[in-house]
Every structure is written in C-alpha cells, then in structure tokens.
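Descriptive analysis of the structure
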Amino acid sequence: MKYYLTAIVLALTAILIFTGIKGQKAPEREAIIEPLKKESFHKITGTIKKGETFFNIFKKYGLNIAEFFKIRDAAADVHHLREVKPGQQYIISVNADKSVNSFSYWIDDDSILSIARKDEDFKSSRIDIEYEKRVMHIGGVITDNLISSIGEGRENLLLALRLSDIFAWDIDFTSDLRNADTFKIIAEALYLNGKFKKYGEILSAELINDRKTYRAYIFEGNEKADYFDETGRNLRKAFLKAPLNFRKISSYYSGARLHPILKVYRPHHGLDYSAPEGTPVSAVGDGRIVFAGTKGGYGNLVEIRHPNGYETLYGHLSKINKEVRNGTFVEQGQIIGYVGSTGLATGPHLHYEMRINDMPTNPLAIKMPSGEPVPASLMAKFREYKNMMDIRIASIKIPSFTFAEKISGNSHSDKL
Ligand SMILES: [Zn+2]
C-alpha cells in the first residue's frame, strides 16, 4: 500500500507541472581549502577525480598516513574506502597539527559515510540523506527519440529508461515510436534543500504510441509493487516485445549519445532488426539454452527453450556471451550476445525467430499471458488510486499534432 499512501500524502502537496524540463547537471567542483574563523582546524572539500584514491588525497594535503589506515579500517564497517567513485563529494576537517578531526564521504545519492575522531581512534557511521518528496508532472511529444524528448541530463535519462522498462512488454522503444507519439509521467521527485535532486518511482504513466493509448499505475498487489493497466492487469508478460532492449542498448552506447531508433523487417519466418554491430541482444523471456554456437546460414546462433512449448532463436551474432552455453538458464532481459553479420547476412542485423511447438510464429502477433493481476480484494483501492492518477494525467497539457509519421523506414535485404 506504500504507493497508494504516498500518493494521498503527495496529493496534498503542491503540484508542479513541467513540460520538457531542463537538465539538472551538477556543477564541477574543485577541491578548496576553507579556513574556519576562530577555529584551529580547516576543512578540505572536494570530489573524487578519476583514478584518485583517499590515500592520494591524504598525501596531497600532507595528512597523517598512519591516520589514513585507521580511518580506512573504521570505514570498512560502513563502506570500503577502496570503492570510491569519481565525482562523489568528500569533506575532511583537519586540526592545526594536520591530524584528522572528522571525515565524510558521499557513498551514493542516499547515504554518507561519516567518520569522527574518538580519542586516538575513529568511529564510522552511515547517515541517510533525507529527501523531501514531491510529485512532478512531465509531459511531451516524442520527436527523434524518447531520451532526447524527456530532457537533457542524467536524471531525465534515468526517467526515460524507467519509462521504457514499464512498457517493455508492449512497446519496442527501439523501433515502435512514431513522431507525434506523446508521453505523460507522474513521478516522485526528490528534493534536497529546496533543490531537485532526482526522480523516485514513476507513479503512473501514459504513452500514446501510433494512436494507441497505454497506461501504467504502480500498485502493491500481493507482495511487491508492480505496474498495472487501467483494468488491473499486470504489465509484465512472459516475453519482452523485442530482443533489442532499449535500456540495454542505451547503456551500451553510453546513454543519450545514441538515438536508438532501429529498423525491423519481416522478410521470412522471423524478424530482422537492423542495428549496429555490437548492439547487445537480450533474451526475451526466461528459459534454458538449447543451442549456442555456429549453425549454417544463421552464423553464431543462440536458441532458448521457454515454458509451454515456446522457443526463440537469435542469429548472425558477432559474439555469444561466455555464460550462455548449452543447458544453462537465462533470465528475461539478460544479454546473451551481440549483433553481428555472421552466416548468411548482408550487413549487421539480428535475425530473431519465435516458434511454438516447432511451428514458426510471428512474435509480434501472439497474445501473451500477463503476470498476476491486482487481487480482487484490492480492486476498490486500486480503482481509487487509478482515478487519482487519471486526474493528474489529464491535467498535463500537450500541444496536439495532426501528423503521424513513422520514424523508421527504408528498404533492406537479407538472405535468412
Ligand atoms: Zn533474417
């Protein structure tokens, strides 16, 4: 009931309407030494540079190395100091004799490692960063691709990927999007000292793709929260819409740099996804590998057997992942290999087939059973939550467009 309650609380807070928010890029921070008035110690503030360690930092500022080892050992209870990440902030307060008084390191967006001197020793603790939660309304028209349409910066990229995850069973974000498709998102927005920091969960979303409307509502059904459609049906299905997963591709091509609009062709029993060599290929569903190797015109091929007589095949791969071997199990979304042009292929593309009881079938046409729906006992609560979200969704205004043009297109030939 977490999201339901959150939504009620949030419903009372101010509504922010954003259409095409600007990126929230954190400014580069240089290390600065800041003398404190009247005190005999000073603060060293900075962010971890690429390849930098705290050992380097202690040496750079002439701090006591024996104390570094004590601090490192104290830190181990909370976070290993060798696992520091570039870009993360730290503050070291130093006494006049160069001994360390206290030490803080921002582990991630949610917690700080805090170390304080206790006589000759140090004691560590974890401080949770408390965010103020607000609700943000985001809406827009998809032009070019989903990522650039939501906005610039890391947080908008993560939001786009989350949205693609929610609809990954119904929409192939690498090839289904059309110009003039629209999206509306109701998301938790986490603020620190009045400033937007990051998005929390997407509470509800609407996507109009090729004039068809898709809706999602987060709700805690039996045990865990899931996304459901307006009738309470689970959005999760046995198979993903496509083997070239938007999230996997986007992170492979380091996010927003790529505009992953791929092309799909259907010249035979399978589907051909035209994609650059090396694009990661994901298993569309859980299953057992029954073939991983070279097979005639297929080139490097992976065959997965799924429950209920389903089988999927992925051909022309440039490389098959090492863990993907005959008899091993793979999970939905797991990367099994990479797009290539091995076997009979005129250029890099993925050849994808689905069979039911050995009969070739069109994966785009089959009706898939969904995961557990909203339980009947919670349906009234779900509807109440849905109605609340619908009001928010309806309040987002998007300029209307009269054209609907397919983004992808082009001809392509293939021998398999
Ligand atoms: Zn093919």
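Fair warning: this is a prediction, and the values are worked out from it, not measured in the lab.

1. Regarding helix 5 (residues 154–166)
In an α-helix, one turn spans 3.6 residues; hence positions three or four apart end up facing the same way. Counted at 1.5 Å a residue, the expected span for helix 5 with its 13 residues is 18 Å, and the 19 Å between its end C-alpha atoms agrees. By the burial criterion, the buried members of helix 5 are Glu155, Asn156, Leu157, Leu159, Ala160, Leu161, Leu163, Ser164 and Ile166.

2. So, empty space enclosed by the protein
Counted by the stated rule, this structure contains one cavity of 30 Å³ or more. Here the largest cavity is characterised by a volume of approximately 100 Å³. Ala168, Ile171, Phe173, Asn245 and Phe246 are, among the 14 residues lining the largest cavity, the residues nearest its centre. When residues of the lining of the largest cavity are traced back to their parent elements, those giving at least two are helix 5 and helix 6 (246–252). A breakdown of the residues in the lining of the largest cavity according to their chemical character gives seven nonpolar, three polar and four charged.

3. Focus on the nonpolar core
Leu146, Leu163, Phe167, Ile185, Ile202 and Leu207 are the most contacted members of the largest nonpolar core, which has 48 residues in total. Counting residues per element, the ones that place at least two in this core are strand 8 (132–141), helix 4 (146–150), helix 5, strand 9 (182–192), strand 10 (195–209), strand 11 (212–220), strand 12 (225–228) and helix 7 (379–395). Non-local contacts of isoleucine 185, meaning those with residues more than four positions away in its chain, are made with Met136, His137, Ile138, Ile150, Leu159, Leu163, Ile202, Ser204, Ala205 and Ile396. Counting residues in hydrophobic clusters, the runner-up holds 29 residues, among them Val281, Ile304, Leu317 and Met354.

4. Let's talk about the side chain of serine 282
Position of serine 282 among the secondary structure elements: in strand 15 (residues 280–282). In this structure the side chain of serine 282 is engaged in a polar contact, spanning 3.4 Å, whose partner is the backbone oxygen of glycine 333. Here serine 282 is in contact with Pro243, Asn245, Lys248, Tyr314, Gly333, Gln334, Ile335 and Ile336, once residues within four sequence places are set aside.

5. A short note on the packing of aromatic side chains
For the structure on display, the rule yields 18 aromatic pairs. A centroid spacing of 6.0 Å and a plane angle of 85 degrees characterise the contact between tyrosine 217 and phenylalanine 382, whose relative ring orientation is edge-to-face. Here phenylalanine 382 lies in helix 7 and tyrosine 217 lies in strand 11, a separation of 165 residues in the sequence. Both residues of the pair, tyrosine 217 and phenylalanine 382, count as buried.

6. Description of the pattern of salt bridges
One pass over the full model with this rule turns up 20 salt bridges. Aspartate 176 is the partner of lysine 241 in a salt bridge, and the nearest nitrogen-oxygen pair spans 2.8 Å. You can see lysine 241 sitting in the loop between strand 12 and helix 6 and its partner aspartate 176 sitting in the loop between helix 5 and strand 9, a full 65 residues away along the chain. The partner of arginine 236 in a salt bridge is aspartate 226, with the nearest N and O atoms 2.8 Å apart. Of this pair, arginine 236 sits in the loop between strand 12 and helix 6 while aspartate 226 sits in strand 12, and the two are 10 residues apart along the sequence. Looking at arginine 236, the relative accessible area reads 37%, which means it is partly exposed. It is possible to trace a salt-bridge network through shared partners that takes in Lys224, Asp226 and Arg236.

7. Digging into the environment of tyrosine 265
Mapped onto the elements, tyrosine 265 comes out in strand 13 (residues 263–265). Residue class for tyrosine 265 comes out buried when judged on its relative accessible area of 13%. The sequence separation of tyrosine 265 and histidine 351 amounts to 86 residues, and the corresponding C-alpha distance is 9.6 Å.

Here is what the cut-offs are and how they apply
Residues numbered from 1 in each chain as written. Predicted model: local features only at pLDDT ≥ 70, side-chain atom pairs only at ≥ 80, totals over all residues. Heavy atoms only, no water. Helix = DSSP H or I, 4+ residues; strand = E, 2+ residues; numbered from the N terminus. Expected span 1.5 Å × (residues − 1). Buried < 20%, exposed > 50% of the residue type's maximum accessible area, 1.4 Å probe, protein only. 1 Å grid on protein atoms, 1.4 Å probe; cavity = no way out; pocket = protein on both sides within 12 Å on 5 of 7 lines; lining within 4 Å. Points joined across faces, edges and corners; volume = space filled by probe spheres on them. Nonpolar A, V, L, I, M, F, W, Y, C, P; charged D, E, K, R; others polar. Core = buried A, V, L, I, M, F, W, Y, C linked by side-chain atoms within 4.5 Å. Contact = heavy atoms within 4.5 Å. Polar contact = N/O pair within 3.5 Å; in protein donor to acceptor, adjacent residues only side chain to side chain. Phe/Tyr/Trp six-rings, centres within 6.5 Å; stacked < 30°, edge-to-face > 60°. Salt bridge = Lys/Arg side-chain N within 4 Å of Asp/Glu carboxyl O.

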